[in-house]
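Understanding the architecture of this molecule
Listed below are the residues making up each chain.
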Amino acid sequence: MPVFVDVNLGDYTAIADRLREAVGPKTRAIMMAHTMGVPFNLDVVGELAKQHDLWVVEDNCDALGSRYRGRLTGTFGHLATMSFYPAHHITMGEGGCVVTSDERLARIARSYRDWGRDCYCAGGESNTCGTRFSQQFGTLPPGYDHKYVYSHVGYNLKVTDMQAAIGCAQLAKVDGFIAARRANYDRLMTALAPYEDRLVLPRPTAQAEPSWFGFVITVRPDAGFTRADIVRFLEANRVETRSLFAGNLLRHPAFQGIPHRIVGDLTNTDVVMNHAFFVGVYPGLDAPRLDRMISLFHRFMSGERAAGGLA
Amino acid sequence: MAQKLKCVVEQIVDHGERVYTLALRPERPVPRFRAGQFLHLALDPYDPTAFWPESRVFSIASPPAQRDLVRITYAVYGRFTARMEKELVEGQEIWIKLPYGDFVIESRSDVVLFAGGTGISAFTAFLEDLAPETAPHVTLAYGARSSRLLIYQDAVERCARRVPSLDIAYFVEDATGASPAMQAGRVSVDAILPRLRRPLEASYYISGPPPMLKGIGQDLRARNISPEAIHIDAWE
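Bear in mind the structure is a predicted one, so any value in this text is a computation, not a measurement. (Residues numbered from 1 in each chain as written. Chains lettered and ligands numbered in written order. Predicted model: local features only at pLDDT ≥ 70, side-chain atom pairs only at ≥ 80, totals over all residues.)

1. Regarding the overall build of chain A
From N to C terminus, chain A includes eight helices and twelve strands. Across the 311 residues in chain A, those meeting the buried criterion constitute 28%. Contacts spanning at least 24 positions in sequence make up 67% of the contacts within chain A whose residues lie at least 6 apart. (Helix = DSSP H or I, 4+ residues; strand = E, 2+ residues; numbered from the N terminus. Buried ≥ 20, exposed ≤ 12 C-beta atoms within 10 Å, placed from the backbone. Contact = placed C-beta atoms within 7 Å.)

As structure tokens, this is what we get:
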């Protein structure tokens, strides 16, 4: 059963004390995202995992290159996921990967990728297990070809060679991409800092060095304008914005009525859903584009509401 | 993840009766592996851009901590191992890929190992890896055609001196020249069960020639050992 905990405003990661309260006798795993590139509190998660013998799965899709106490996120948990969708730090057009340092988990992950096959031969190879025709599984006939034994239900999640080639080329550029994202974050942060009385600006958690996915802004309740106002203004001036993904998952139709538990309340999560949005920091944002985005923020914060004028 | 590595055959030890041990020096340290896992060895040249050539599997006899030198032991019993006997020379380059397999001993209960001939190589890494303070109670039944072919006898006795909870029973089919401590005949369940503290709670691991795997497995089940407690290192 999933357990939901509220997040901090500003870093949008789970509140550490709520995590402690969330762990119960039936808890088996902690699975969370380093939202928008900001590492969640890995000290607390590590401590809880050790204390309660829990699996840790890091959703590192937003955070390729982020570090916590100097160590890359995605290397703390038993497993971590990465996304290579175009909006992410590197892309293969689509796809992603799972990383682990545990060979057994790697084999399980590969099996889920390959339709749930029990066989673990690499492509083009046969009889890696040395027992291809001499095992017996379930009620299959003894010696049934191990290549076609399915030990669980899986998926076809393989990337193509073409995607892999793009991914390799992107990897060669990843340091530059991460540096550009950080520089763009710094630029936006400096420019928008004077508006912190009306906007909650994104801040890293302690010990964290984010590889920023985006620049999250939450409109404060007494800002004098709404998220819709500022988002409409930016979009009308061709600056794209996004909501912080799904917001409060439990308010979506798909999640209505699912068995779940909430620790405390989800007040901040609702604030995020109702008042937060983000703008991009992607590496292709060069100085003229950032200048224009910042100029639009200045104009909006100075009271301008009508679209147009700069396009 | 399994890796393919070029190795130099550093040493070939001829134990007699067509049983050999190879010491292989990989071009870089082999990936981390667990005691009981195996490798594939290919004799034909391998082009990393092409498919892996014909290969056979062999237990990694050297301990996981030793990643710069890999040992395997084999007996000639088929076409491929006959080629190994004929073609391999010291200094030769060959390819291996590793690690594979789930024949890994992770039991917290008492452990009983049945090893026949070169099947002992599935257990040597485990035995060398045992820590005296944390080792479970391990009983090793080690058999071979003759005392000369108990090729890991010295190694397992070194382990026994280091790990008090390791108990060893030797079996030799040809008892000529065998020491009094060695029992004549094949490895036998009946000879081992009385040595165990709690036979029904122990975990059993069997590695050796196919008739032995079948026979020991049947004998254990006949003595009410749960099939889940019986682990067999079976290869084609």
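2. Some details on the overall build of chain B
In terms of regular secondary structure, chain B is built from five helices and twelve strands. Expressed as a percentage of contacts within chain B between residues at least 6 apart in sequence, the contacts between residues at least 24 apart total 70%.

3. Quick look at the domain arrangement of chain B
Residues and elements named next belong to chain B. Along its sequence, chain B is organised into domain 1 (3-100) and domain 2 (111-232). Spacing between the C-alpha centres of domain 1 and domain 2 amounts to 24 Å. Contact with domain 1, which involves 17 residues of that partner, is made by 13 residues of domain 2. For the side of domain 1 that touches domain 2, the element with the highest residue contribution is strand β5 (residues 70-75), accounting for four residues. Here the side of domain 1 that touches domain 2 is built from residues that sort into nine nonpolar, seven polar and one charged. (Domains from an automatic or database assignment. Nonpolar A, V, L, I, M, F, W, Y, C, P; charged D, E, K, R; others polar.)

4. A short note on the sheet that holds strand β2 (residues 29-33) of chain A
Consider a sheet: its strands pair through backbone hydrogen bonds, and that pairing is either parallel or antiparallel. Residues and elements named next belong to chain A. If you trace the four strands from one edge of the open sheet to the other, you get β2-β3-β6-β7, paired in mixed fashion. If you trace the sheet from one side to the other, it starts and ends with β2 and β7 (96-99), each paired once. Each neighbouring strand pair of the sheet contributes to a mean axis angle of 15°, computed without reference to strand direction. Pairing geometry for strand β3 (residues 55-59) and strand β6 (residues 79-83), over three bridges, is parallel. Looking at β6, one finds that Val 57 is bridged to Leu 79. (Pairing = 2+ DSSP bridges. Axes fitted to C-alpha atoms, helices over the stretch in contact; angles between N-to-C directions.)

5. Some words on the nonpolar core
B:Leu39, B:Ile60, B:Leu113, B:Leu140 and B:Ala141 are the most contacted members of the largest nonpolar core, which totals 67 residues. Among the domains, domain 1 (3-100) and domain 2 (111-232) of chain B are the pair contributing at least three residues each to this core. Not counting the four nearest positions on each side in its chain, B:Leu39 is found in contact with B:Phe58, B:Ile60, B:Val70, B:Ile72, B:Ile96, B:Lys97, B:Leu98 and B:Pro99. In terms of nonpolar packing, the next biggest core, distinct from the first, is built from 51 residues, A:Leu19, A:Val38, A:Phe40 and A:Cys61 among them. (Core = buried A, V, L, I, M, F, W, Y, C linked by C-beta atoms within 7 Å.)

6. Digging into the environment of B:His231
Residue and element names in this part refer to chain B. Tracing the chain through its elements places His 231 in strand β12 (residues 230-232). Sequence separation of His 231 and Asp 102 is 129 residues, and the distance between their C-alpha atoms is 9.9 Å. Dropping the residues within four chain positions of it, His 231 is found in contact with Phe 103, Ser 203, Tyr 204 and Tyr 205.

7. What to know about the sheet that holds strand β11 (residues 203-207) of chain B
Residue and element names in this part refer to chain B. What the six strands build is an open sheet, ordered β10-β9-β8-β7-β11-β12; its pairing is parallel. The strands lining the two open edges of the sheet, one partner per strand, are β10 (182-184) and β12. Going across the sheet, the axis of each strand differs from the next one's by a mean of 20°, ignoring polarity. Where strand β8 (residues 138-146) meets strand β9 (residues 166-174), eight bridges bridge the pair, whose relative direction is parallel. By the bridge assignment, Tyr 142 is partnered in β9 with Tyr 170.

8. Structural notes on the interface of chain B and chain A
Across the contact, nine residues belong to chain B and eleven residues belong to chain A. Looking at the side of chain B that touches chain A, its residues break down into eight nonpolar, no polar and one charged.

9. Brief notes about the confidence of the model for chain B
Averaged over chain B, the pLDDT score is 93; the fraction of residues at 70 or greater is 100%. Scored as a whole, the predicted complex attains pTM 0.81, and scored at its interfaces, ipTM 0.74. (pLDDT = per-residue confidence, 0-100.)

10. Let's talk about helix α2 (residues 42-52) of chain A
All names here are of chain A. Among the residues of α2, those classed as buried are Leu 42, Val 45, Leu 48 and Ala 49. Along the axis of α2, the buried positions cluster into a sector of 130°, meaning they face one direction only. α2 presents Lys 50 and Gln 51 as exposed residues on the side facing more than 90 degrees away from its buried surface. Among the structural elements, α1 (16-22), β2, β3 and β4 (67-68) are those in contact with the buried residues of α2. (Arc of directions from axis to C-beta.)

11. Looking at the environment of A:Ile178
Residues and elements named next belong to chain A. Take Ile 178: it is sitting in helix α5 (residues 174-192). For Ile 178, a count of 20 C-beta atoms within 10 Å corresponds to the buried category. Taking the C-alpha atoms as reference, Ile 178 lies 6.7 Å from Gly 65; in sequence the two are 113 residues apart.

12. Quick look at the domain arrangement of chain A
Each assigned domain of chain A is listed here: domain 1 (3-116 + 152-301) and domain 2 (127-151). Computed over C-alpha atoms only, the centres of domain 1 of chain A and domain 2 of chain A are separated by 41 Å.

13. Re helix α8 (residues 287-301) of chain A
Residues and elements named next belong to chain A. Between the first and last C-alpha of α8 there are 21 Å, a value that for 15 residues agrees with the 21 Å anticipated at 1.5 Å per step. For α8, the complete set of buried residues consists of Met 293, Leu 296 and Phe 297. The buried residues of α8 occupy an angular sector of 100° when projected down its axis, which confines them to one face. Structural note: α8 exposes Ala 287, Pro 288 and Asp 291 on the side pointing more than 90 degrees away from its buried face. Packed against the buried residues of α8 are α5, α6 (227-236) and β12 (276-280). Two residues or fewer past α8, Gly 303 is found with a positive phi of approximately 115°. (Expected span 1.5 Å × (residues − 1).)

14. Overview of unusual backbone geometry
The amide bond that connects B:Leu98 to the next residue, B:Pro99, takes the cis arrangement and shows omega of -5°. Relative to the assigned elements, B:Pro99 resides in strand β6 (residues 93-100). With a phi close to 50°, A:Phe245 is a non-glycine residue in the positive phi region. Within the secondary structure layout, A:Phe245 lies in the loop between α6 and β11 (261-262). C-beta crowding within 10 Å serves as the criterion here: with 13 such atoms nearby, A:Phe245 is assigned to the partly exposed category.

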